[in-house]
Amino acid sequence: GAENGVLVRHGAAIQTMRDVKVVVFDKTGTITKGKPEVTDVVPLGGFTEDRVLVLAASVEAGSEHPLGAAIVQGAKEKGLSLQRITDFEAIPGKGVRATSEGKRVLVGSRKLMSEAGIAQADLDALEGELRRLEEEAKTAVIVAEDGKAAGIVAVADPLKEDSVAAIRELRDLGLDTAMITGDNRRTADAIAAKVGITHVLAEVLPGGKAEEIQKLQSSLGLVAMVGDGINDAPALTQADVGIAIGTGTDIAIESSDVTLVRGDLSGVVTAVKLSRATFRKIRQNLFWAFFYNLVMIPLAILGLLHPVMAEIAMATSSISVVTNANLLRRVNVRPDLRKA
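Scoring rules and cut-offs
- Residues numbered from 1 in each chain as written.
- Predicted model: local features only at pLDDT ≥ 70, side-chain atom pairs only at ≥ 80, totals over all residues.
- Heavy atoms only, no water.
- Phe/Tyr/Trp six-rings, centres within 6.5 Å; stacked < 30°, edge-to-face > 60°.
- Buried < 20%, exposed > 50% of the residue type's maximum accessible area, 1.4 Å probe, protein only.
- Lys NZ or Arg CZ within 6 Å of the ring centre and 35° of its normal.
- Helix = DSSP H or I, 4+ residues; strand = E, 2+ residues; numbered from the N terminus.
- Expected span 1.5 Å × (residues − 1).
- Bend = angle between axes of the 7 residues up to and from the residue.
- Patch = residues over 30% accessible without salt bridge, like charges linked within 9 Å, V, L, I, M, F, W, Y side chains within 5 Å.
- Areas by Shrake-Rupley, 256 points an atom, 1.4 Å probe, with all protein chains shown as cover.
- Salt bridge = Lys/Arg side-chain N within 4 Å of Asp/Glu carboxyl O.
- Contact = heavy atoms within 4.5 Å.

Caption draft 1: Region of the structure containing the packing of aromatic side chains. One pass over the full model with this rule turns up one aromatic pair. Ring plane angle 70° and centroid distance 5.2 Å describe the contact between F287 and W288, whose orientation is recorded as edge-to-face. Residue F287 is classed as partly exposed on the basis of its relative accessible area of 45%. Of the residues examined, W288 reaches a relative accessible area of 31% and is grouped as partly exposed. Directly above the ring of F279 sits R18, whose terminal nitrogen or CZ lies 4.3 Å from the centroid.

Caption draft 2: How the structure looks around unusual backbone geometry. Backbone geometry at E101 places phi at a positive 55°, although glycine is not the residue there. As for its position among the elements, E101 is in the loop between β5 (95-100) and β6 (103-108). Residue E203 is not a glycine yet carries a positive backbone phi of 55°. Along the chain, E203 falls in the loop between β10 (199-201) and α9 (209-220).

Caption draft 3: Examining helix α12 (residues 266-301) more closely. The first and last C-alpha atoms of α12 sit 53 Å apart over 36 residues, in line with the 52 Å expected at 1.5 Å per residue. The largest bend in α12 amounts to roughly 25° and is located at F290. Where α12 terminates, the next one or two residues include G303, which has phi positive at roughly 80°.

Caption draft 4: Broad picture of a nonpolar patch on the surface. A cluster of nonpolar side chains, contributed by I282, L286, F287, W288, F290, F291, L294, V295, L299, L302 and L304, occupies part of the molecular surface with about 1100 Å² of accessible area. Since its relative accessible area comes to 48%, F290 is described here as partly exposed.

Caption draft 5: Layout of the environment of K21. Along the chain, K21 turns up in the loop between α1 (11-18) and β2 (22-26). Remark: the alpha-carbon pair of K21 and A224, spanning 203 residues in sequence, is separated by 8.1 Å. Setting aside anything within four residues of it in sequence, one finds K21 in contact with L175, D176, L220, G221 and L222.

Caption draft 6: Region of the structure containing the pattern of salt bridges. This structure, assessed with the given rule, holds 19 salt bridges. One salt bridge in this structure joins D26 and K209, with 3.0 Å as the shortest N-O distance. Here the residue D26 occupies a position in strand β2, and K209 occupies one in helix α9, the gap between them amounting to 183 residues. You can call D26 buried: its relative accessible area is 7%. With a relative accessible area of 5%, K209 lands in the buried category. D232 is the partner of K209 in a salt bridge, and the nearest nitrogen-oxygen pair spans 2.7 Å. With a gap of 23 residues between them, K209 in helix α9 and D232 in the loop between β11 (223-227) and α10 (233-238) connect regions that are remote in the sequence. Classification of D232 by relative accessible area gives buried; the value is 0%.

Below, the structure written as C-alpha cells:
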C-alpha cells in the first residue's frame with residue numbers, strides 16, 4: 001500500500017474495505033481542488049460590482065472557510081481595499097455577518113437572508129441569477145447591507161484532474177458513490193452530475209455529517225468516508241473505513257484508518273483493489289497451508305509415507321504461502337485513468 005501512496009493505519013481497515021458498499025466523498029478539497037476562485041459578481045439596485053465584492057470580502061476576511069478566502073483573494077486581485085469590521089460571527093452552514101463602517105453586513109445563503117429579515121422582493125429579484133449560477137456548479141452567496149440585498153458573489157472550485165475517472169472506476173468495481181456537502185441542492189446536483197456521483201447529500205451542516213453517514217450505513221451497508229477537513233473528522237470516525245486526504249488537516253488524518261499520501265481520488269481505487277487482492281491471496285494461502293498437510297499427514301499415519309516426507313510437505317506449504325504472499329507486489333492495484 002505504501003508503495004502505491006496508500007498508508008493503512010489498521011489491518012482491519014483492509015478487511016473492512018473489501019466489504020464496503022458505498023464510498024462517500026466530501027466535496028471541497030476532496031472531489032474539488034479546494035482552491036476556489038471568484039467567477040461572477042452580480043450587483044442589485046444602486047450597488048456596483050466593486051461595492052458588492054468589497055462588502056463580501058471585508059466580512060469574509062474574518063472567516064476560515066476556503067470560499068471566504070477565495071472572495072478575499074478576488075477583491076485583492078482587483079486592487080480593492082477592504083473595510084475594517086467588528087462583531088464578526090460565523091453561522092455554521094449558512095454564512096457570516098459583521099459590522100462594517102457602522103452597517104450590518106451579511107454574506108451567505110437564502111436561509112440566512114430570510115432569517116435576518118431581508119426583503120423577499122430583493123431575494124426574488126436575485127433568484128434567477130442564483131439559479132443560473134448554481135446550475136453551472138458554482139457556489140453563489142448573497143450579500144446584504146443594512147437589511148438590503150446588495151448582490152451575489154459566485155465562486156467555483158475546479159474538480160481534481162482524476163475525480164471523474166476515479167469515481168467511474170469505483171462504480172465499475174460495483175461500489176455506490178455519494179457526495180456530502182453544505183452546498184444547496186442545485187449546486188450539489190450539478191457537481192455530482194459532472195463527476196458521476198450516484199447519491200447527493202446537500203445542505204448538510206458541518207455537525208450533521210456523521211449523522212448522514214450513520215443513515216447510509218443503515219440503508220446501504222458498510223460505508224467508506226473520504227474527507228480532508230476538520231469538520232470531516234466525526235464522519236471519518238463514524239464510517240466503517242475513514243479515508244483521509246494526505247494534503248488535508250492533521251485532525252482528519254488522525255481520525256482516519258487510511259491516508260492517501262498524494263491527495264488524489266485515484267488512491268481510493270488503489271485501496272479498494274489492494275483490499276480485494278489481499279484477500280484473494282489469503283484464500284489462496286489457506287489452500288496452500290492445508291493442502292500438503294491434508295494429503296501427506298494421513299498417509300504418514302497409515303504408514304504409507306515416511307514421516308520425513310510429511311515434514312518436507314509441511315515445510316513446502318510454508319514456502320508456498322510466503323512465496324504466494326510476496327507475489328502480491330506484482331498485482332496491479334493502480335487505477336485506470338484512461339476511463340475518464
